[in-house]
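Summary of the model geometry
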Amino acid sequence: MSADILFSSTMLRSIDVANRIAMAPLTRSRAGMDGVHTPLAVDYYSQRASSGLIITEATNISQQGRGYAYTPGIYTDAHVEAWIWVTEAVHEAGGRIVMQLWHVGRVSHASLQANGAAPVAPSAIAGGGTVYTLAGYEPPSMPRALDTEEISGIIEDYRLAARRAKEAGFDGVEVHAANGYLLEQFLRDSTNAREDRYGGTIENRARLPIEVTRAVAEVWGPDRVGIRLSPLATSIGATPLDSTTADTYGYLARQLGELKLAYLHCVEGQTVGDNAADAFDFKALHTAFGGKYMANNGYDRQRAIAAVASGHADMVAFGRPYIGNPDLVERIRANAPWFDAPADCYYGGGAEGYIDFPVFSSG
Ligand code: 8OZ
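Residues numbered from 1 in each chain as written. Predicted model: local features only at pLDDT ≥ 70, side-chain atom pairs only at ≥ 80, totals over all residues. Heavy atoms only, no water.

Quick reminder of the rule: UniProt positions are given in the numbering used here, feature names are shortened, and annotations may be inferred rather than shown by experiment.
In the nomenclature of an unreviewed UniProt entry, the chain is known as Alkene reductase of Pseudomonas synxantha. The heading Cofactor (unreviewed entry) in the UniProt record of the chain holds the text "FMN".

Structure, rendered in structure tokens:
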């Protein structure tokens, strides 16, 4: 099958993308501990500007929302200033870039929180796995359940972060409601044991993701807001599945569809794992949402072509392939091989394994 279909432009409502190949959000842990990017990030993102849409690495909306050392933020003026360099460079190179807004909830450690406080979550249920702190990899700390009255403050943090992202010159924002972080912790009954209007029924558990998305859409217009979901992901935070995955995510997708968002982005399987899309009807989610759909997780060239050609997806987001192939779009066009970046360069460090991957040369 010809790859031509991947090289047609389209509109994600108001976001005009030049092709169907997106750069998925990738945590690289190369900012300062203050969450401010160095100039390396300007090179990193602008090298990848031929992607139809860059989605930034997950970016903390508040210190409370931070779960990993050296991840960037969007809650101070210094954050905004550092990101302006990135958006200007990407735009100059002809690209489009949206910021992924992130609150990790319970997937954090007291040492990353103000005054060593406990991380917050829907319920005081500890996550598993590890988070990355100044001491290395550690298990997440026991979280504290949010009071109902505190939740409006979290929504405000998202709203302020969305405003700052706008000041920083992005083309839009993506709400991170995937991978076991705060919004997914509210959504799933495995991590939400609340008895107020944010817990219990599917409608109640979906309330915070929807209220956050609405708040962000008030800042940007819904036509520049996307959202990422991962119904099957369990690895980050050792987050168990919801007990009625299809109903819960189907309800959420329908509600999000009514907001007329720019796009729905789905991790179709296990994050940092194999694609297991057969285990879930992602087409039904796309239909329930009714708008543009971005597929992600373990896609290769052929599967990406097939996904767009069949109407399964409007765009395909590539994550790990974008680490070692800044010119992934050109490689897909030329059917050139992809470089497999070593895993030890994924998180932390400097220029090496970040901005030093060569572009493919057809000559
Ligand atoms: C891997 C390591 C750290 C963070 C995600 C933000 O999965 C992440 C992440 C992934 O969404």
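Focus: the packing of helix α3 (residues 148-167) against helix α6 (residues 207-220)
Under the convention used in this document: Only C-alpha atoms enter the line fits that serve as axes; for helices the fit covers just the stretch in contact. Angles between N-to-C directions range over 0 to 180 degrees. A run of H or I in DSSP counts as a helix once it spans at least four residues, and a run of E counts as a strand once it spans at least two, with each numbered from the N terminus. Note on convention: the crossing is left-handed when the near helix lies turned anticlockwise from the far helix by less than a right angle, right-handed when the turn is clockwise. Contact criterion: two residues are considered in contact whenever any of their non-hydrogen atoms come within 4.5 Å of each other. Amino acid classes used here: Ala, Val, Leu, Ile, Met, Phe, Trp, Tyr, Cys and Pro are nonpolar; Asp, Glu, Lys and Arg are charged; the rest, including Gly, are polar.
Two elements in contact, α3 and α6, have axes separated by 9 Å at closest approach and are oriented at 35°. In the crossing of α3 with α6, the sense of the turn from one axis to the other is right-handed. On α6, the residues touching Ile 151, Ile 155, Tyr 158, Arg 159, Ala 162, Arg 163, Ala 165 and Lys 166 of α3 are Leu 208, Glu 211, Val 212, Ala 215, Val 216, Glu 218, Val 219 and Trp 220. Classifying every residue of the contact of α3 with α6 gives 11 nonpolar, no polar and five charged.

Here's the deal with the environment of Ala 162
Mapped onto the elements, Ala 162 comes out in helix α3. Sequence-wise, Ala 162 and Ala 217 are 55 residues apart; in three dimensions their C-alpha atoms are separated by 8.7 Å. Not counting residues within four places of it along the chain, the set of residues in contact with Ala 162 comprises Leu 101, Val 216, Val 219 and Trp 220.

Structural notes on the pattern of salt bridges
Heads up, the condition is: By convention in these notes, a salt bridge is any Lys or Arg side-chain nitrogen within 4 Å of a carboxyl oxygen on Asp or Glu. For the exposure calls, accessible area comes from a 1.4 Å probe over protein chains only, and a residue counts as buried if that area is under 20% of its type's maximum, exposed if over 50%, partly exposed in between.
Tallied over the full model, the rule gives nine salt bridges. A salt bridge links Glu 156 to Arg 159; the nearest nitrogen and oxygen atoms lie 3.1 Å apart. With a gap of three residues between them, Glu 156 and Arg 159 both fall in helix α3, about one helical turn apart. On the basis of relative accessibility, which here comes to 17%, the residue Arg 159 falls in the buried class. Of the charged contacts in the structure, one is a salt bridge between Asp 242 and Arg 205, with a shortest N-O distance of 2.9 Å. Here Asp 242, found in the loop between β11 (225-229) and α7 (245-258), pairs with Arg 205, found in helix α5 (residues 202-205); they are 37 residues apart in sequence, far enough to count as distant. With relative accessibility at 5%, the residue Asp 242 sits in the buried group. The network of salt bridges with shared partners includes Glu 156, Arg 159 and Glu 218.

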